[in-house]
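Residue-level listing of the chains:
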Amino acid sequence: SVFSIDDINPYQFKASPNPFGNDINFSFNLIKPSLISISIYTIDGRLVKTIASTIGQEGLNTINCADLNGIGEGAYIASLRVGNKSYSQIIQHIR
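From a predicted model like this one, the values you see are computed outputs, not experimental measurements.

A few words on the overall build of the protein chain. From N to C terminus, the protein chain includes one helix and seven strands. Going residue by residue from the N terminus, the α and β elements of the protein chain occur as α-β-β-β-β-β-β-β. Over its C-alpha atoms the protein chain spans a radius of gyration of 13 Å, differing by no more than 12% from the 12 Å that the globule rule assigns to 95 residues. Burial analysis of the protein chain (95 residues in total) assigns 37% to the buried set. Considering only contacts within the protein chain whose residues lie at least 6 apart along the sequence, 55% involve residues at least 24 apart.

If you want it as structure tokens, here you go:
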């Protein structure tokens, strides 16, 4: 079967800029208000920081995180959870 990017990432979850310095924006689209959480994990799955745990609004949502000074350079996993589904993106932190 053939699938589109919307099957893999239906909420259009995106972290930018990527790579990022001290702050990063997370954007996603919701078809209805939903409980969401955005977290950053190490590549081996350890939680680094929960960025947001809130009700996302219908349509485009953008959440900025400007306090990532404490994490080291390297690759991380940014994860968006909507209900019981999770969508992830590899992000790169640089100084």
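Now, onward.
Tallying each qualifying case throughout the model produces one salt bridge. Residue Asp 44 is joined to Arg 46 by a salt bridge in which the shortest nitrogen-to-oxygen separation is 3.3 Å.

Before going further, it helps to spend a moment on the confidence of the model for the protein chain. Overall, the predicted model of the protein chain reaches an average pLDDT of 88, with 92% of residues at or above 70. Scored below 50 in pLDDT, residues 1–6 shows three contacts in the model against residues more than four places distant or in partner chains.

Burial analysis of strand S6 (residues 74–82) places seven of its nine residues in the buried class, which makes it a mostly covered element. Here seven bridges tie strand S3 (residues 34–42) to S6, and the two strands are oriented antiparallel to one another. Counted as the bridge partner of Ser 37 is Arg 81 from S6. Relative to strand S7 (residues 85–93), S6 is paired through nine bridges, and the arrangement is antiparallel. Residue Gly 74 lies in a different strand from S7, and its bridge partner there is His 93.

The next point concerns the environment of Ile 63. Secondary-structure assignment places Ile 63 in strand S5 (residues 59–65). The sequence separation of Ile 63 and Phe 28 amounts to 35 residues, and the corresponding C-alpha distance is 9.0 Å. Aside from chain neighbours lying at most four places away, what touches Ile 63 is Ile 24, Asn 25, Phe 26, Phe 28, Ile 36, Ile 38, Ile 51 and Ala 52.

Pairing between the strands of a sheet comes from backbone hydrogen bonds, and it takes one of two forms, parallel or antiparallel. Here three strands make up an open sheet; going across it, the order is S1-S2-S5 and the pairing antiparallel. Both edges of this open sheet fall to strand S1 (14–16) and S5, since each of them pairs with a single strand only. Each strand of the sheet is rotated relative to its neighbour by a mean of 20°, with strand direction disregarded. Where strand S2 (residues 24–30) lies against S5, seven bridges are found, and the strand directions are antiparallel. Pairing of Leu 30 across the sheet is with Gly 59, part of S5.

Here is what the cut-offs are and how they apply
Residues numbered from 1 in each chain as written. Predicted model: local features only at pLDDT ≥ 70, side-chain atom pairs only at ≥ 80, totals over all residues. Heavy atoms only, no water. Helix = DSSP H or I, 4+ residues; strand = E, 2+ residues; numbered from the N terminus. Rg over C-alpha atoms; globule rule 2.2 N^0.38 Å. Buried < 20%, exposed > 50% of the residue type's maximum accessible area, 1.4 Å probe, protein only. Contact = heavy atoms within 4.5 Å. Salt bridge = Lys/Arg side-chain N within 4 Å of Asp/Glu carboxyl O. pLDDT = per-residue confidence, 0-100. Pairing = 2+ DSSP bridges. Axes fitted to C-alpha atoms, helices over the stretch in contact; angles between N-to-C directions.

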